Amino acid sequence: MPFSSRYSALAERLDADTSGVWAVHERACALQAAGEEVHLLSVGDPDLPTLPSTIDHAIASLREGRTHYAPGAGEKRLREVIAEIEERAAGRPCSPDDIIVFPGATNAIFSVMSCLLDVGDEVIVAEPMYIGYRGIFNALGAKLVPVALEASDGFSLSLEKLSEAITDRTRVVFINTPGNPAGNMIPADQLRALADLCWKRNIWLASDEVYSMITFEDRHVSLRTAAERLENVVVIDGLSKSHAMTGWRLGWAVAHQDLARHLLQFFSATVFGCCQFVQDAAVFALQNDEDYMAEVRSKYKSRRDFVCDRIASIPLLDCTVPKAGMFVMLDVRGLQTDGMRFAEDLLEEQRVSVLPGAGFGRSTRDYVRLSLAQPLSCLEESMNRIERFVRARGAVAAGFSKREQS
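Reading the values: rules and limits
- Residues numbered from 1 in each chain as written.
- Predicted model: local features only at pLDDT ≥ 70, side-chain atom pairs only at ≥ 80, totals over all residues.
- Heavy atoms only, no water.
- Helix = DSSP H or I, 4+ residues; strand = E, 2+ residues; numbered from the N terminus.
- Rg over C-alpha atoms; globule rule 2.2 N^0.38 Å.
- Buried < 20%, exposed > 50% of the residue type's maximum accessible area, 1.4 Å probe, protein only.
- Lys, Arg positive; Asp, Glu negative; His and termini not counted.
- Charge placed at Lys NZ, Arg CZ, Asp CG, Glu CD.
- Pairing = 2+ DSSP bridges.
- 1 Å grid on protein atoms, 1.4 Å probe; cavity = no way out; pocket = protein on both sides within 12 Å on 5 of 7 lines; lining within 4 Å.
- Points joined across faces, edges and corners; volume = space filled by probe spheres on them.
- Nonpolar A, V, L, I, M, F, W, Y, C, P; charged D, E, K, R; others polar.
- Salt bridge = Lys/Arg side-chain N within 4 Å of Asp/Glu carboxyl O.
- Phe/Tyr/Trp six-rings, centres within 6.5 Å; stacked < 30°, edge-to-face > 60°.
- Lys NZ or Arg CZ within 6 Å of the ring centre and 35° of its normal.

### Description of the overall build of the chain
Here comes step 1: Counting its secondary structure elements, the chain contains 14 helices and 13 strands.
Here comes step 2: In terms of C-alpha radius of gyration, the chain reaches 22 Å, essentially the compact-globule figure of 22 Å for 406 residues.
Here comes step 3: In the chain, which comprises 406 residues, the proportion classed as buried is 52%.
Here comes step 4: A gap of 2 Å separates the mean positions of the 43 positive and 55 negative side-chain charges of the chain.

### Describing the sheet that holds strand E9 (residues 318-319)
Here comes step 1: One open sheet accounts for four strands, arranged E9-E10-E13-E12; its pairing is antiparallel. Here the strands that pair on one side only, and so sit at the sheet edges, are E9 and strand E12 (355-356).

### A word on empty space enclosed by the protein
Here comes step 1: One pass over the structure, following the stated rule, counts two cavities of 30 Å³ or more.
Here comes step 2: Taken as a whole, the largest cavity holds about 100 Å³ of empty space.
Here comes step 3: Together, 16 residues line the largest cavity, and Ala126, Pro128, Leu149, Asn176 and Asn184 are the ones closest to its centre.
Here comes step 4: Residue assignment for the lining of the largest cavity shows that the elements contributing at least two residues are strand E3 (122-127) and strand E5 (170-176).
Here comes step 5: Tallied by class, the residues present in the lining of the largest cavity amount to twelve nonpolar, four polar and no charged.

### Structural notes on the pattern of salt bridges
Here comes step 1: Tallied over the full model, the rule gives 33 salt bridges.
Here comes step 2: With a shortest N-O distance of 3.0 Å, Arg27 and Glu348 are connected by a salt bridge. A residue pair is termed long-range when its members are at least 10 positions apart, and Arg27 in helix H2 (residues 23-33) and Glu348 in helix H13 (residues 339-350) qualify at 321 residues.
Here comes step 3: You can call Arg27 partly exposed: its relative accessible area is 36%.
Here comes step 4: Here Glu348 falls in the partly exposed class, since its relative accessible area comes to 41%.
Here comes step 5: Note that Asp196 is salt-bridged to Arg229, the shortest N-O span being 4.0 Å. On the criterion of sequence distance, the pair formed by Asp196 in helix H8 (residues 188-200) and Arg229 in the loop between helix H9 (223-226) and strand E7 (233-238) is long-range, its members being 33 residues apart.
Here comes step 6: On the accessibility criterion, Arg229 (36% relative accessible area) is partly exposed.
Here comes step 7: When salt bridges with common partners are traced through the structure, they connect Arg27, Glu36, Glu348 and Arg351 into a single cluster.

### Quick look at the packing of aromatic side chains
Here comes step 1: Evaluation of the coordinates by the stated rule reveals nine aromatic pairs.
Here comes step 2: Between the aromatic rings of Tyr69 and Phe272, the centroid separation amounts to 5.6 Å while the plane-to-plane angle is 80°, which identifies the pairing as edge-to-face. Placement of the pair is Tyr69 in the loop between helix H3 (52-63) and helix H4 (76-90) and Phe272 in the loop between helix H10 (257-270) and helix H11 (276-287), with a sequence separation of 203 residues.
Here comes step 3: Plain terms: the ring middles of Phe342 and Phe389 are 5.2 Å apart, the flat faces sit at 90° to each other, and that makes the pair edge-to-face. Taken as a pair, Phe342 in helix H13 and Phe389 in helix H14 (residues 376-405) lie far apart in primary sequence, 47 residues in all. Exposure class is identical for Phe342 and Phe389. Each is buried.
Here comes step 4: The positively charged end of Arg369 is found above the aromatic ring belonging to Phe327, 3.8 Å away from the centroid.

Next comes the structure, spelled out in structure tokens:
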């Protein structure tokens, strides 16, 4: 009898995504690998280098033999440094015992949600949402309940809509501030009100704040700063985006010590610790990043301003200027198309790759996401190509309209 493959319910849930939102990016990578000139604006991997002194510190740590098992919760010195940063930012005590270090913020989110959600539990998420969240919730068998941000008001959060989405099955409210993909920031008064709501309804409130250091006109306000009580609050952060360390895989969660204990148990049963030399480099990066972060913010702001100014000059396109992060959401409804078709056609005709908005939720199906993680020269040529594409489409649409009128 031949072998009949059987997979877990978790594996089947993960295999259920048929949206095809990565198909454009994968096609772009294939074209690039074949030698074609393709402008990749479809991923958020910073083009900026990791600070050279951070790399030197990691190499020195390797040579000192820091290549063994680390404590499950993370190296004490790293947790102390993170706690010090949290104390300064929030103006309230934070213990190293409140912090668990993970190999990246995504793993931190998966671990947190694994400790908070059972199959069938509801998790409310502000939409548009980071494209990777859906896979986490699918793996856990949780029911994702999206609450659309107000696109007409700069992708702002409506507490009224979020409150109306809460049911007896709601276990977690999950927010992302600053947000990916929209670059929105939830103000302190809304964070405080949301924390109070979740406390009264006996619901966990988790916040993904990995873009906290890449803000432009306004400073980031953490959920831990705004919330009056922290027992039901979890904050996730990391170095991937802010310090251009995506491949280093270093993130963390800050939580009440009882939850931190459960996180440590889960983490010990799965990954069991992060690299010592990476954690040593993270300590150095966090303690020596003031000038570097100022430069990072300045570069992303310049890129944002350039891209948004160009979009404003192109008929039929629109965007909300993001307050933070490394992306711009491009509204393509003026072309009477959706984000998927726009992205597919743009790649085929102009060799520019953008990510269809449907991957971030229904509310942005008529958008595409442009990454700012490319030098200005690339962004300039990409916008030139996008403008040619849009003007050609606009001329065709105008021609059809005149023929219909005649």
